[in-house]
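# Inside the fold
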Amino acid sequence: MPKDIDAKESGIGAASKRREDIRFLSGTGNYTDDINVNGQAYVHFLRSDVAHGRITSLDTAAAAGMPGVLRVFTGADFEAVGGLPCGWQVTDRFGEVMQEPAHPVLAQGKVRHVGDPIAAVVAATAEQARDAAEAIELDIEDLPAVVDMKAALAEDAPKVHDDLTSNLCYDWGFVEENKEAVAKAFDEAAHVTTLELVNNRLVANPMEPRVAVGDFNRATGESTLYTTSQNPHVIRLLMGAFVLGIPEHKLRVVAPDVGGGFGSKIFHYAEEAFCTFAAKALNRAVKWTSSRSEAFMSDAHGRDHVTKIELALDADNNFTALRTDTHANMGAYLSTFAPSVPTWLHGTLMAGNYKTPLIYVNVKAVFTNTVPVDAYRGAGRPEATYQLERVIDKAARELNVDPIALRRQNFITEFPYATPVAVEYDTGDYVATMDKLEEIADIKGFDGRRTESEKAGKLRGLGVNCYIEACGIAPSNLVGQLGARAGLYESATVRVNATGGIVVMTGSHSHGQGHETSFPQVISEMIGIPEDMVEIEHGDTANTPMGMGTYGSRSLAVGGSAMVKATEKIINKAKKIAAHLMEASDADVELKDGQFSIAGTDKSVAWGDVTLAAYVPHNYPLEEIEPGLEETAFYDPANFTYPAGAYACEVEVDPDTGKVTIERFAAADDFGNVVNPMIVDGQVHGGLGQGIGQALLEGCVYDEDGQLLSASFMDYAMPRADDVPFYQVDHSCQTPCTHNPLGVKGCGEAGAIGSPPAVVNAVVDALRSAGKDVTHIDMPLTPARVWAAMQS
Amino acid sequence: MTKVSMTVNGTPMSGDVEGRTLLVSFLRDQQGLTGTHVGCDTSQCGACVVHVDGKAVKACTMLALEAEGAEVATIEGQAAADGTLNAIQAAFQEHHGLQCGFCTPGMVMSAAALLKDNPKPSEGEIRHYLEGNLCRCTGYHNIVKAIMAASGQDVSAIAAE
Amino acid sequence: MYEFEFARPASVAEAVKALSEEDAQALGGGQTLIPTLKQRLAMPSTLVSLSGIDEMKGIHSEGGQLVIGGAMTHADVAEGAEAYPALAALAGQIGDPAVRNRGTLGGSIANNDPAACYPAAVLGSGATIVTSAREIAADDYFQGMFTTALEEGEIVTAVKFPQPEVANYQKFLQPASRFALVGVFVARFADGVRVAVTGASEEGVFRWGAAEAALATDFSADAISGLTVEADGMIGDIHGTKAYRAHLVGVMTKRAVAAAS
């Protein structure tokens, strides 16, 4: 496949304009809340307002008699129904499986976090449902809440789940066999740098709140769920098989236009199961639309790690060992993929871009009386990158060496490279991305800019870091051994119509990524037909083959590869048909620009002639091949892909107030081959916005009683347009992935992974330039925190 | 129930509403104009921005009855009758100023209000003006760029394409 | 929201009458009240909209004072109060453009949010609040967080702002809500200086007397260099400690003085 060619007008490498924009720009998108089913009723969930308590009485009689109320559901209605399943089982460092609590759809006896659903009122209107919910008579005996992870592990800590032995979900060691060797390396080290830090709890906050509409057709026995999901097939499998016992052929899950996900719409949520269940029970569609305030206490949160990291170096400043000790908050229940995030998506990335020979990662996952925590853009990889790149920066300061030089000195330079944390990087060039970064960030000009800032009374700092990501988590047989309870392949059906147009039905889901534009670019390139002859269908289990959906920057690397495989099958078959039409051997047929030809002759047939022949098989080798032109492929990758890059941030700090301003931000990424550079830039921009948000603004905060203090946009600071600058992004360094057919690596999470350490490194640099002995500030670096750090 | 009447995108529309019916509910639920979105309940995200008598307002923080007799403009009325995008919409597509599309209607309506008052806003003025419009996908880069382009400014020197 | 009746009177007299009904509540621009209603934190029987009352609109000068109608939106004031630039600038910093097109002066000061901007201007200017029943001096009007001298059913129909020689408002944003984490309005008059602080205190907007005294003799940022407000009594929350807010009061006051000088 060709590299990114800016001048290209179509196909791979072209900055094709997004076709989906037309409907979004004209107000004709079809989001879940835009879907209304005839006769639908509305549900309002009564949620716990305490973090931990025992339900001593729950009387719904008065509520049931309120105007418009169809039925009030409680946990008792779900006793015969399965709980929400967890999709990943981690085995701890002693060989024991994790503690896995039940996760009921509606509370059974106890509530375990503010927002835990207790009862659900279904009524003719949303306001009637809410009115009636207020009439439910509920008594809760308050129990002491555990919020802090270390306190939750104390002997006498209150237990979130009475039937578990403690609040410890698992104690994971990786690689456990390395533990002693790592300890020895630390004993022998010339220098050890230690850093304790918090990776702040975040709320994903896609702009579209979650919505679920359950429907039931009594005549066919079919249930339909319209939902804001990144992976409708996964919801169908989890909800159908594990919660409600509905076989897939009687359950359709539709995720139409979805207004952003960032991980939070991967998971199977109670509200989806409820609406599907209630629609059947009432024989009437049931709709739930989350308010933003409700989202803060019911969407899975992200991050929330507390880590101590130690880096050992020899006398020549080579990294000799790395050791981390992390507490990872699971919240009150295990969300769908929560256990995998601090383990296999985090520990495996601790080598970063560096040839550290010995690494040991310990993670204690802890239950607390808070909203469940699960994957958020980057999921485990930002946590790994942040601690590693922060401790390297601290080491450079302690050793009085240039932070860029220290990184360069320790870069992995030969590929493939097997890390001491069980993964093999197939390819990369970290020197090239750092070179590119130094160029686009104008690192040389920094001193001059610092002088200018100082003249204006501001402190200026430069922060640089690298990152590596593992995308397209796979292969399925390996992840199965690691505890995944699902496969991680992707699927595509390529349906060629008689007149040559193509519909691709994919299990990948687009909720902002632009698949409807970029996927056709690939097929256009392969066949040589215009992009607009290809349509992408996704998001409806009734129309698309079983797929695993979109997360972990996997869509093009995995879903795109499935599409390529299916298209290769199409081309092979089409060549046979073309060979028949041209009375030649199919081995001699070439396909270029939508024309089949025989080398060295003037024989040719057009793409449309072949597709027509496939469906009007009059002159056709029926004895050799079937009519029609439709192929399906499932692609299971041999390895992860490993995008990597180098980021630089320049900040100004107002010494009077502690206010940090991002003055410049540069990102040099290696995504391998790029299909649509415009979309790739946009993905990086968005990741940077979220990473800067994490670093400077966003923090989900509970008080000691488990009350959520940052419960709306009034207190949870979202990045706004004036919080960020224009970004300088570049992806011209391209080492194509060696094991997928497109040579692509994935770009969706890079920005969010690579940017937080750059920002914090820059702020520390700025404060130190003013002589402040500051080595670390925990995110978010609010003005108040920066100012406080400057006072100490 | 009280009857409310207003002109939406040039078309007279009316319906019976409760006192508590929000303008956004009137548009979405009663008139089927689902292009205007609801992204929060504290009047901050701006996904619901429409114009009432020429001024940008948050349709989730205005009662429908307060719009009695008003001229209301929504995202559905921005393109030409034949579907041709207006200059702002076209610039958003050209410069990839949207991803998931959920904040987009509010962004476009806010941008239109800005350019009416300030036909050639600076980068800083645009960023400041968008204080009440949250986007979680784009990092704002291409939104700001698109608005600059829509106002006829040369954006070719802006970092990254 | 709970259901309520909606009334849109055309005069102050009609509005006062409508508000005499039990649990009736006035609706200004609704930019705070409607989100509050959505949370079901208020349960009015009737919402009495003040948006249709012409006598509460307009900006004019009267006896050396700038009189602004209580129903004037923040955008109206930002655009129309050019006679009092510091006030216009303050109005232009409230909320965001769409909020400014609905939110009103009267609504803001009737609510008296401890982090709102307008109370700083009203108190810092020594303005007079004109209500449906009387006139109230700003010093008597603000009585603590969300508390004012207004009686039940009393409407802010206008505010009379004396025009200072120089004035300036400095707002340090709470990063999430974009209300004032600390906002300081400084106004110098021929007979003295007023310094009003919003966002900082658990008691709501307050005058910083020590700074006023120092600035009355020397209207310069240096004049208040040694002065601090007590951290005790400041708001401490996830956005800033009491000590940080106390510190910001000094910083913002100096900046306001410098900008006004």
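Source: prediction; values computed, not measured.

Per the secondary structure count, chain C includes ten helices and twelve strands. Relative to the 2.2 N^0.38 estimate, which gives 18 Å for 261 residues, the radius of gyration of chain C is 18 Å and therefore close to what a compact globule would have. Dimensions of chain C, computed from C-alpha atoms along their principal axes, come out at roughly 55 × 45 × 30 Å. Of all 261 residues assigned to chain C, the portion counted as buried reaches 60%. Restricting the contact set of chain C to residue pairs at least 6 apart, pairs at least 24 apart contribute 58%. By element, 49% of the accessible surface of chain C is carried by carbon and sulfur atoms, the whole surface being about 9700 Å². Separation between the mean location of the 18 positive side-chain charges and that of the 30 negative ones in chain C comes to 7 Å.

A separate point is the sheet that holds strand β2 (residues 24-27) of chain C. Residue and element names in this part refer to chain C. Reading across from one edge, β1-β3-β2 is the order of the three strands in this open sheet, with parallel pairing throughout. Each edge of the open sheet is held by one strand with a lone partner, namely β1 (5-7) and β2. Adjacent strand axes in the sheet meet at a mean angle of 25° when their direction is disregarded. Against the sheet, helix α1 (residues 12-19) engages β2 and β3 (46-49), with an angle of about 145° to β2.

In this section: the environment of C:Lys160. All names here are of chain C. Along the chain, the position of Lys-160 falls in strand β8 (residues 156-162). Separated by ten residues in sequence, Lys-160 and Leu-150 have C-alpha atoms that sit 16 Å apart. Here the side chain of Lys-160 touches Glu-135 through a polar contact of 2.8 Å, side chain to side chain.

All right, on to the pairing of strand β13 (residues 286-289) of chain A then. Residues and elements named next belong to chain A. Here two bridges tie strand β1 (residues 41-47) to β13, and the two strands are oriented parallel to one another. Across the sheet, residue Ala-41 finds its bridge partner in β13, namely Val-286. Alignment of strand β10 (residues 211-217) against β13, held across four bridges, turns out to be antiparallel. Across the sheet, Ala-212 pairs through a bridge with Trp-288, a residue of β13.

Mean pLDDT over chain A works out to 96, with 99% of the residues at or above the 70 mark. Within the model, the stretch residues 1-5 of chain A combines pLDDT values under 50 with 17 contacts to residues more than four positions away or in other chains.

What follows concerns the interface of chain B and chain A. Between chain B and chain A, the residue contacts involve 50 residues of the former and 54 residues of the latter. Taking both sides of the interface into account, the surface hidden between chain B and chain A amounts to around 4500 Å²; carbon and sulfur atoms contribute 57%. Counting every contact that joins chain B to chain A gives five salt bridges. The salt bridge involving B:Arg28 is made with A:Asp34; its shortest N-O contact spans 2.7 Å. The set of elements that each furnish at least two residues to the side of chain B that touches chain A consists of α2 (87-94), α3 (104-117), α4 (123-129) and α5 (141-150) of chain B. At five residues, α5(B) tops the list of elements feeding residues into the side of chain B that touches chain A. Here the side of chain B that touches chain A is built from residues that sort into 22 nonpolar, 17 polar and eleven charged.

The rules we used
Residues numbered from 1 in each chain as written. Chains lettered and ligands numbered in written order. Predicted model: local features only at pLDDT ≥ 70, side-chain atom pairs only at ≥ 80, totals over all residues. Heavy atoms only, no water. Helix = DSSP H or I, 4+ residues; strand = E, 2+ residues; numbered from the N terminus. Rg over C-alpha atoms; globule rule 2.2 N^0.38 Å. Buried < 20%, exposed > 50% of the residue type's maximum accessible area, 1.4 Å probe, protein only. Contact = heavy atoms within 4.5 Å. Areas by Shrake-Rupley, 256 points an atom, 1.4 Å probe, with all protein chains shown as cover. Lys, Arg positive; Asp, Glu negative; His and termini not counted. Charge placed at Lys NZ, Arg CZ, Asp CG, Glu CD. Pairing = 2+ DSSP bridges. Axes fitted to C-alpha atoms, helices over the stretch in contact; angles between N-to-C directions. Polar contact = N/O pair within 3.5 Å; in protein donor to acceptor, adjacent residues only side chain to side chain. pLDDT = per-residue confidence, 0-100. Buried area = accessible area lost by both parts, 1.4 Å probe. Salt bridge = Lys/Arg side-chain N within 4 Å of Asp/Glu carboxyl O. Nonpolar A, V, L, I, M, F, W, Y, C, P; charged D, E, K, R; others polar.

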